Amino acid sequence: MMGSASLYLSTKVARVLGAVPGRSLRSLPKPRGLESYRSLRNLRTPPIAAGMEDEAGRKPAPPALAAFAGVTRSRVSTSAGGGPGAGDWFELSPSSVLKLQKGDITKWFVDGSTDAIVNAANERMLGGGGVDGAIHRAAGPELREACSKVPEVRPGVRCPTGEARITPAFQLPVSHVIHTVGPIYDVDKQPDVSLGNAYRNSLRLAKENNIQYIAFPAISCGVYGYPYKEASRIAISKAKEFSDDFKEVCFVLFSDDLYRVWLESALELL
Ligand code: AR6
């Protein structure tokens, strides 16, 4: 099937990729061969897509990586902008992928023990709107309680801009939440440095806590007003710096616009 000039997804592969059976793969770059497929086999558990639970709340069966044979490459899936579970994967290193996915980060998880989501928090760390509010609602009141115990570094500041703190995830399906604070774009004197620090310190803290799978929202791209393009380039560059340290770095983007910009930057930078 994969040798044919006009490639179509079989029903099985389509299910694995979260795509529509019969969708053409002709737009994909030519397969690089089995080298990248071998490296993908090093992944212990294929990442579970946000929002991919079925109606009974069960996880889907892990994708059989054999389904990718002959179609694997740095960019291994082509269902960008589709429904729940759609995503694009890029090889960061022989044992690591960067994944882009559209959806709600509170639904994202891999194994519940070595996975973490990152929260775009504020310096008080006691909850707020946007993704912060969604994470606190989904985690339950214990998360606020745990955050309140994080020591203040000065009055009202538990996590200064660009730094990161870790807590358990309580009712969320992941094991931990890493709270970071991105810059307010129009206020911060060096927003690019602060945003880079937020990503780097989150990844560093995750690594110190033996996290293997980590998902980020678009930090600072909501009420903090960071332009998407600049933010996406910083986010992807920082993920690349940690390419040997995680099995998966995922960006869970909340809108089609964000997804498109992140995808463009990933195609440029990876
Ligand atoms: N899953 C994934 N992404 C989401 C979700 C979700 N459930 N909900 C929103 N987003 P923002 P910031 C996206 O404003 O700009 C809070 O009040 C959203 O579309 O949440 O860093 C904090 O307490 C946007 O692209 O965070 C702080 O005070 C991205 O998440 C302040 O906002 C970030 O938007 C932080 O502002």
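Predicted model only: the values in this text are computed from it and were never measured.

Asker: Help me out: how do you make sense of unusual backbone geometry in this one?
Answerer: One non-glycine residue, phenylalanine 170, adopts positive backbone phi at about 50°. Within the secondary structure, phenylalanine 170 is located in the loop between β4 (164-168) and β5 (176-180). One non-glycine residue, asparagine 210, lies in positive phi territory at about 60°. Examined against the element boundaries, asparagine 210 turns out to sit in the loop between α5 (191-208) and β6 (213-216).

Asker: I'm lost on the site of the ligand in this one. Help?
Answerer: Lining the immediate environment of the ligand, one finds 23 residues, of which Gly129, Val131, Asp132, Ser220 and Gly222 sit closest. Glycine 222 places a main-chain nitrogen or oxygen 2.8 Å from an oxygen atom of the ligand. In the environment of the ligand, an oxygen atom lies 3.0 Å from a nitrogen or oxygen atom belonging to the backbone of valine 223. Here the ligand has 690 Å² of accessible area as a free molecule, and 89% of this is covered by the chains. Per-class residue counts for the shell around the ligand are 13 nonpolar, eight polar and two charged.

Asker: Mind showing me how you'd approach the nonpolar core here?
Answerer: Soluble, globular proteins show a tendency: their nonpolar side chains are buried together. Leu100, Tyr199, Ile214, Phe216, Val249, Phe251 and Trp262 are the most contacted members of the largest nonpolar core, which has 36 residues in total. If you tally residues by element for this core, the top one is helix α7 (residues 256-269), at six residues. Setting aside chain neighbours within four positions, we find valine 249 in contact with Leu92, Val97, Leu98, Lys99, Leu203, Ile214, Phe216 and Ala239. Grouped together as the second largest cluster of nonpolar side chains are 22 residues, Ile105, Leu126, Ala139 and Leu172 included.

Asker: Help me out: how do you make sense of the sheet that holds strand β1 (residues 87-93) in this one?
Answerer: Paired through backbone hydrogen bonds, the strands of a sheet run either parallel or antiparallel to each other. Spatial strand order, β1-β2-β7-β6-β3-β5-β4: seven strands in an open sheet with mixed pairing. Only two strands of the sheet have a single neighbouring strand rather than two, namely β1 and β4. Neighbour-to-neighbour, the strand axes of this sheet turn through a mean angle of 20°, independent of strand direction. Direction of pairing for β4 relative to β5: antiparallel, over a ladder of five bridges. Bridge pairing in β5 places isoleucine 166 opposite isoleucine 178. Packing against the sheet, helix α3 (residues 130-139) makes contact with β3 (115-120) and β5, and its axis sits at approximately 135° to β3.

Asker: I would appreciate a short explanation of the packing of aromatic side chains in the present structure.
Answerer: Aromatic ring pairs are defined here through the distance separating the ring centres and the angle between the ring planes. Under the defined criterion, the tally for this structure stands at six aromatic pairs. Judged by centre distance (5.7 Å) and plane angle (25°), the rings of phenylalanine 216 and phenylalanine 251 are stacked. Of the two residues, phenylalanine 216 is situated in strand β6 and phenylalanine 251 in strand β7 (residues 248-253); the sequence distance between them amounts to 35 residues. Both residues of the pair, phenylalanine 216 and phenylalanine 251, count as buried.

Asker: Honestly, the side chain of serine 265 in this entry has me stumped. Any pointers?
Answerer: Secondary-structure assignment places serine 265 in helix α7. Those residues within four positions of serine 265 in sequence are excluded, and the remaining contacts are Lys229, Ser232, Arg233 and Ile236.

Asker: Mind showing me how you'd approach the side chain of aspartate 88 here?
Answerer: Structurally, aspartate 88 can be placed in strand β1. Here the side chain of aspartate 88 touches tyrosine 259 through a polar contact of 2.7 Å, side chain to side chain.

Asker: Which parts of the structure should I look at to understand the confidence of the model for the protein?
Answerer: Do not read the predicted coordinates in detail wherever pLDDT is low. Summarising the model, the protein shows a mean pLDDT of 78, and 68% of its residues fall at 70 or more. Low pLDDT, under 50, characterises residues 1-84; the stretch is placed with 137 contacts to residues that sit more than four places away or in other chains.

Cut-offs and rules
- Residues numbered from 1 in each chain as written.
- Predicted model: local features only at pLDDT ≥ 70, side-chain atom pairs only at ≥ 80, totals over all residues.
- Heavy atoms only, no water.
- Helix = DSSP H or I, 4+ residues; strand = E, 2+ residues; numbered from the N terminus.
- Near = heavy atom within 4 Å.
- Polar contact = N/O pair within 3.5 Å; in protein donor to acceptor, adjacent residues only side chain to side chain.
- Areas by Shrake-Rupley, 256 points an atom, 1.4 Å probe, with all protein chains shown as cover.
- Nonpolar A, V, L, I, M, F, W, Y, C, P; charged D, E, K, R; others polar.
- Core = buried A, V, L, I, M, F, W, Y, C linked by side-chain atoms within 4.5 Å.
- Buried < 20%, exposed > 50% of the residue type's maximum accessible area, 1.4 Å probe, protein only.
- Contact = heavy atoms within 4.5 Å.
- Pairing = 2+ DSSP bridges.
- Axes fitted to C-alpha atoms, helices over the stretch in contact; angles between N-to-C directions.
- Phe/Tyr/Trp six-rings, centres within 6.5 Å; stacked < 30°, edge-to-face > 60°.
- pLDDT = per-residue confidence, 0-100.

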